[in-house]
Amino acid sequence: MSALLLRDLRKTYGNRLEALKGVDLEIPEGEFFALLGPNGAGKSTLISIVSSLVNKTSGRVEVCGYDLDRDREAAKRCIGLVPQEVNFNQFEKVANIVINQAGYYGIPRREAIVRAERCLRQVDLWDKRNVVSRQLSGGMKRRLMIARALVHDPRLLILDEPTAGVDIEIRHSMWEFLRSVNRRGTTVILTTHYLEEAENLCRHIAIIDHGRIVVNRRMQELLAEVQTQRYTLELKYPISQVPVIEGYAVEREDAYTLIAEVPPEGGVHGLFTRLAAQGIEVQGIRNGSSRLEQYFMRLIAESGDRDGAGAAA
Ligand SMILES: Nc1ncnc2c1ncn2[C@@H]1O[C@H](COP(=O)(O)OP(=O)(O)O)[C@@H](O)[C@H]1O
Ligand SMILES: [Mg+2]
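Residues numbered from 1 in each chain as written. Chains lettered and ligands numbered in written order. Predicted model: local features only at pLDDT ≥ 70, side-chain atom pairs only at ≥ 80, totals over all residues. Heavy atoms only, no water.

### Remarks on the coordination of the magnesium ion (ligand 2)
For a metal with four tetrahedral donors the ideal donor-metal-donor angle is 109.5 degrees, while six octahedral donors give ideal angles of 90 or 180 degrees.
Reasoning step 1: Every protein donor of the magnesium ion (ligand 2) is listed here as Ser 44 (OG) and Gln 84 (OE1), and their distances to the metal cover 2.1 to 2.2 Å. Separated by 40 residues along the polypeptide, Ser 44 in helix α1 (residues 43-50) and Gln 84 in the loop between β6 (79-82) and α3 (94-104) bring together distant segments of the chain.
Reasoning step 2: Overall, Gln 84 belongs to the partly exposed group, its relative accessible area being 21%. (Donors = N, O, S within 2.8 Å, 3.2 Å for Na, K, Ca; no water. Helix = DSSP H or I, 4+ residues; strand = E, 2+ residues; numbered from the N terminus. Buried < 20%, exposed > 50% of the residue type's maximum accessible area, 1.4 Å probe, protein only.)

### Quick word on the site of ligand 1
Reasoning step 1: Every residue lining ligand 1 is accounted for by Tyr 13, Leu 17, Ala 19, Pro 38, Asn 39, Gly 40, Ala 41, Gly 42, Lys 43, Ser 44 and Thr 45.
Reasoning step 2: Backbone polar atom of Ser 44 to an oxygen atom of ligand 1: 2.8 Å apart, as the coordinates give it.
Reasoning step 3: In this structure, Thr 45 approaches ligand 1 through a side-chain N or O atom, which is 2.5 Å from an oxygen atom.
Reasoning step 4: Contact with the protein chains covers 60% of the free accessible surface of ligand 1, which is 560 Å².
Reasoning step 5: Those elements that provide at least two residues to the shell around ligand 1 are β2 (17-28) and α1.
Reasoning step 6: The element contributing the most residues to the shell around ligand 1 is α1, with three residues.
Reasoning step 7: Of the residues belonging to the shell around ligand 1, the class tally is five nonpolar, five polar and one charged. (Near = heavy atom within 4 Å. Polar contact = N/O pair within 3.5 Å; in protein donor to acceptor, adjacent residues only side chain to side chain. Areas by Shrake-Rupley, 256 points an atom, 1.4 Å probe, with all protein chains shown as cover. Nonpolar A, V, L, I, M, F, W, Y, C, P; charged D, E, K, R; others polar.)

### Considering the packing of helix α4 (residues 109-122) against helix α5 (residues 138-150)
Reasoning step 1: Put simply, α4 and α5 touch, their axes get as near as 9 Å, and they point 140° apart. Judged by the angle between their axes, α4 and α5 are oblique. Seen from above, α4 lies across α5 with right-handed handedness. Between α4 and α5, the residues in contact are Arg 118, Cys 119, Leu 120 and Gln 122 and Leu 144, Ala 147 and Leu 150, respectively.
Reasoning step 2: Grouping the constituent residues of the contact of α4 with α5 by class yields five nonpolar, one polar and one charged. (Axes fitted to C-alpha atoms, helices over the stretch in contact; angles between N-to-C directions. Parallel < 35°, antiparallel > 145°, perpendicular 65-115°, else oblique. Left-handed = near helix turned anticlockwise from the far one by under 90°. Contact = heavy atoms within 4.5 Å.)

### Considering the pairing of strand β12 (residues 249-254)
Reasoning step 1: Bridge count for β12 against strand β13 (residues 257-262) is five bridges, and the pairing is antiparallel. Bridge pairing in β13 links Glu 251 to Ile 259.
Reasoning step 2: Two successive antiparallel strands, β12 and β13, enclose a turn made up of two residues. (Pairing = 2+ DSSP bridges.)

### With respect to the pairing of β2
Side-chain direction in a regular strand flips from residue to residue, so the side chains alternate between the two faces of the sheet.
Reasoning step 1: In terms of strand pairing, strand β1 (residues 2-13) meets β2 through nine bridges, oriented antiparallel. Each bridged residue has a counterpart across the sheet, and for Lys 11 the counterpart in β2 is Leu 20.
Reasoning step 2: Where β1 folds back on β2, the antiparallel hairpin that results is connected by three residues, among which Gly 14 adopts a positive phi of roughly 60°.

### Looking at the packing of aromatic side chains
Reasoning step 1: Counted by the stated rule, this structure contains zero aromatic pairs.
Reasoning step 2: The lysine or arginine in question, Arg 129, covers the ring of Trp 126, its NZ or CZ lying 4.1 Å from the ring centre.
Reasoning step 3: We note Arg 171 situated over the ring of Tyr 194; from NZ or CZ to the ring centre the distance is 4.6 Å. (Phe/Tyr/Trp six-rings, centres within 6.5 Å; stacked < 30°, edge-to-face > 60°. Lys NZ or Arg CZ within 6 Å of the ring centre and 35° of its normal.)

### Section: α5
Reasoning step 1: A rise of 1.5 Å per residue sets the reference length of α5, with its 13 residues, at 18 Å; its end C-alpha atoms lie 19 Å apart and thus fit the reference within 8%.
Reasoning step 2: Burial within α5 is extensive, with eleven of its 13 residues counted as buried.
Reasoning step 3: Along α5, the positions that sit buried rather than exposed are Gly 139, Lys 141, Arg 142, Arg 143, Leu 144, Met 145, Ile 146, Ala 147, Arg 148, Ala 149 and Leu 150.
Reasoning step 4: Residues of α5 that are buried sit in contact with β6, α3, α4, β7 (156-160) and α6 (168-183). (Expected span 1.5 Å × (residues − 1).)

### Quick look at the nonpolar core
Nonpolar side chains in soluble globular proteins tend to end up buried together.
Reasoning step 1: Residues Leu 120, Leu 144, Ile 146, Leu 157 and Leu 159 are the most contacted members of the largest nonpolar core, which totals 45 residues.
Reasoning step 2: Within the second largest apolar cluster, 28 residues are counted, among which are Leu 4, Phe 33, Ala 75 and Ile 79. (Core = buried A, V, L, I, M, F, W, Y, C linked by side-chain atoms within 4.5 Å.)

### A short note on the packing of α3 against α5
When two helices pack together, their arrangement is given by the angle between their axes and by how far apart the axes lie.
Reasoning step 1: With their axes 8 Å apart at the nearest point, α3 and α5 run at an angle of 30° to one another. The angle between the axes of α3 and α5 places the two elements in the roughly parallel class. Crossing hand, α3 versus α5: right-handed. Across the interface between the two elements, Val 94, Ile 97, Val 98 and Gln 101 of α3 pack against Leu 144, Ala 147 and Arg 148 of α5.
Reasoning step 2: Residues of the contact of α3 with α5, tallied by class, amount to five nonpolar, one polar and one charged.

### Focus on the domain arrangement of the protein
Reasoning step 1: Looking at the assigned domains, one finds that the protein contains domain 1 (2-224) and domain 2 (229-289).
Reasoning step 2: Between the C-alpha centres of domain 1 and domain 2 the distance comes to 46 Å. (Domains from an automatic or database assignment.)

### Examining unusual backbone geometry
Reasoning step 1: In the Ramachandran plot, Ser 52 falls in the positive-phi region, its phi being about 65° despite a non-glycine side chain.
Reasoning step 2: Inspection of the secondary structure puts Ser 52 in the loop between α1 and β4 (58-63).
Reasoning step 3: Residues other than glycine seldom take positive phi values, yet Glu 161 does so here, at roughly 50°.
Reasoning step 4: Checked against the element boundaries, Glu 161 lands in the loop between β7 and α6.

Structure (structure tokens):
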């Protein structure tokens, strides 16, 4: 069964802004899934719809087999959500925030207290249980939201940019914790605009851009593809036939030009050696880049812009 199934999901804000333009996505149970995309791509919109915070315009959403239109309450119970912005009552004590959340799911208070202790210990906030939550640091607030999201034992944990603004040390310990949650069988979906984060944590990645899924791959395949470089080779002498070289995809652009896809294992050096063995001499090389790399460069540039704007504000 899928932890999450989206079919032709669309969202228009007001009557103009199409934030989601027909998203299809299927995430199996047990997956650790990254939704990567620049600011404004539609990540939070997607997550808010799945978590019933925002209404979809059209399309189908199923959470752990429950259709959002028919079984909304059951679907909601399957999800633990860590939203992008802090949304708890900052004047409430840490422990109460978690205990009250359990109450929303109908968990009796005595049981809620036990669970709150377990969740707060897991995120290293047990010491802070009697502190008014406003006094927590940014990283602690985020961990509190994670504890709160886990108190009803959701099958699907969804985190919207969980490490935005969290310093590197805490980020790494959060990664470790999320891995352990996933190892215990919980499906984890997170959004991020850090490729590095997706790369470190997730087994599957989808890239969303302007409301559309543009890439949806196993992380390992994706990395292999990114590492495969496309080079343009200028030849010393013209060739009439495309050389066949094992392990490399080679195309002929014209008599003096070849385009070669170079995987990381063989490298450019391996390619040159094999070409030379066929009597082909290369006199110049230009480094193109893969389509994915172009996406990533844009993603990085756009999130850089955004971080810059944030720092300036
Ligand atoms: N409540 C809203 N009303 C109107 N437009 C919105 C609202 N929320 C988001 N948007 C717009 O929808 C687009 C997608 O936003 P969002 O889902 O927040 O993207 P992301 O989380 O990837 O940064 C953006 O253009 C954003 O300005
Ligand atoms: Mg967002």
